[in-house]
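If you want the building blocks of each chain, they are given just below.
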Amino acid sequence: MSLYTTPASADDLRLPELNKWLASLPAPALKLDSLRPASSDASFRRYFRIDGADGATFIVMDAPPPQEDVRPFIHVAGVFGETGVSVPAILAQDIEQGFLLLSDLGSTTYLQLLTPDNAHKLYIDAIDALVHLQIHSKPAVLPEYDRTLLLRELMLFPEWYVGKHLGLSMTEKQTATLNQVFELLLANNLAQAQVYVHRDYHSRNLMVLSQGNPGILDFQDAVFGPITYDLASLLRDAYIQWDEEIVLDWAIRYWERAKRAGLPVNPDIDAFYRDFEFMGLQRHLKILGIFARLYHRDGKDAYLKDLPLVMEYTRKVAYRYKELAPLVKLLDELEDKAPQVGYTF
């Protein structure tokens, strides 16, 4: 969920239906005239906040069919909720219309509150919650994050970032180089132990709570996949950057906690960190494609400002490993930059 408030337009055809549905609910008692925009996100979903008669506030999700389907959200809310992490409770639902009434986890995201002074505590809370979620993982509960899905995500990079955003057509040789890099990443990703994966476990989807911190949102795309994925989302966040030494420290703290909890992380810290970096690279190539698509297809330009940081992450990881040198060369060719000297592990 991205906290961009979006006022409802005057010709909003869904608002009357949403109001009618809220009015029909026997409980909780709601102040219907208090409905107001809370946020929207990168999909067609949007969120409203509404007051209860007793002073509590609630969140209303509007997920218009056929573009959106609330059933995955309902399913994952149940799966994650059973583990004990903090997710919204579903208080009422209309699957056919795409309406949900949820408990309110507040309006303060990690991104809004993070400072160098409070970051350590907030990130340790998020790491502890992630480990707690992962130790409850079971196969066949969530969709598999398989090769097909991982590759489909990677292909967003040549289609939308290179093709649409840079306006380039790659040569056969460049395409072959990129495909070889993809194969390297996929081999690593698929060899990792599999756990519950949120898929967007980062500062915009984590809410600051006084108890049970953090509140976790936007989990409807959760899958069963590589164990380092959510850690890479959290520590190599597309919206906020931390020094490499701090990221390394937090990654090691996750690794220590995961091992203590019996999670099947790579027992060698260097190999684990390589897993983390290769998983992060898969994610960042995907994000470059997604942010480009959000702009060129969907007309959402707010994500363009985040592209440079995602590319910085991409290049830094590619510089660090000899086998990824072809990716550095390809990026230089595509962006018409002179080769830069990197270092390797």
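Shown above is the structure to which this text applies.
Fair warning: this is a prediction, and the values are worked out from it, not measured in the lab.

Asker: Sorry if this is basic, but what is going on with helix 6 (residues 156-165) here?
Answerer: Since the α-helix advances by 3.6 residues per turn, residues separated by three or four positions end up pointing in the same direction. Within helix 6, the full set of buried residues consists of Leu 156, Phe 157, Pro 158, Trp 160, Tyr 161 and Val 162. Looking one or two residues past helix 6, Gly 167 carries a phi angle of roughly 70 degrees, positive in sign.

Asker: Before we go on, may I ask you to explain helix 5 (residues 147-154) in this structure?
Answerer: All of the buried residues along helix 5 are Leu 149, Leu 150, Glu 153 and Leu 154. Taken down its axis, helix 5 places every buried residue within 140 degrees of arc, on the same side. Exposed positions of helix 5 whose direction lies more than 90 degrees from the buried face are Thr 148 and Arg 152.

Asker: Hey, could you run me through the layout of surface pockets in this one?
Answerer: Gaps left between atoms are located by rolling a probe of water-molecule size over the structure's atoms. The space that makes up the largest pocket amounts to roughly 1200 Å³. In this structure, the largest pocket is lined by 47 residues; those nearest its centre are Ser 43, Asp 200, Asp 221, Ile 290 and Arg 293. Secondary structure elements with two or more residues in the lining of the largest pocket: helix 2 (71-83), helix 5 and helix 10 (269-296). At seven residues, helix 10 tops the list of elements feeding residues into the lining of the largest pocket. When its residues are assigned to classes, the lining of the largest pocket shows 23 nonpolar, seven polar and 17 charged.

Asker: What is the right way to read the packing of aromatic side chains from this model?
Answerer: Each aromatic ring pair is characterised by the separation of its centres together with the angle its planes make. In this structure the tally under the stated criterion is 16 aromatic pairs. Judged by centre distance (6.0 Å) and plane angle (55 degrees), the ring pair of Phe 80 and Phe 219 falls under tilted. One end of the pair, Phe 80, is in helix 2; the other, Phe 219, is in the loop between strand 9 (215-216) and strand 10 (223-226), with 139 residues separating them in the sequence. For the pair Phe 80 and Phe 219, a shared accessibility class is recorded, and that class is buried. Each ring, one from Phe 291 and one from Tyr 303, has its centre 5.1 Å from the other, and the planes form 40 degrees; the classification is tilted. One end of the pair, Phe 291, is in helix 10; the other, Tyr 303, is in the loop between helix 10 and helix 11 (307-320), with twelve residues separating them in the sequence. Since its relative accessible area comes to 5%, Phe 291 is described here as buried. Feature note: the residues Phe 73, Phe 80, Tyr 196, Phe 219 and Phe 224 constitute an aromatic cluster, connected by ring pairs. Taking NZ or CZ as reference, Lys 164 lies 5.0 Å from the ring centre of Trp 160, over its face.

The rules behind each value
Residues numbered from 1 in each chain as written. Predicted model: local features only at pLDDT ≥ 70, side-chain atom pairs only at ≥ 80, totals over all residues. Heavy atoms only, no water. Buried < 20%, exposed > 50% of the residue type's maximum accessible area, 1.4 Å probe, protein only. Helix = DSSP H or I, 4+ residues; strand = E, 2+ residues; numbered from the N terminus. Arc of directions from axis to C-beta. 1 Å grid on protein atoms, 1.4 Å probe; cavity = no way out; pocket = protein on both sides within 12 Å on 5 of 7 lines; lining within 4 Å. Points joined across faces, edges and corners; volume = space filled by probe spheres on them. Nonpolar A, V, L, I, M, F, W, Y, C, P; charged D, E, K, R; others polar. Phe/Tyr/Trp six-rings, centres within 6.5 Å; stacked < 30°, edge-to-face > 60°. Lys NZ or Arg CZ within 6 Å of the ring centre and 35° of its normal.

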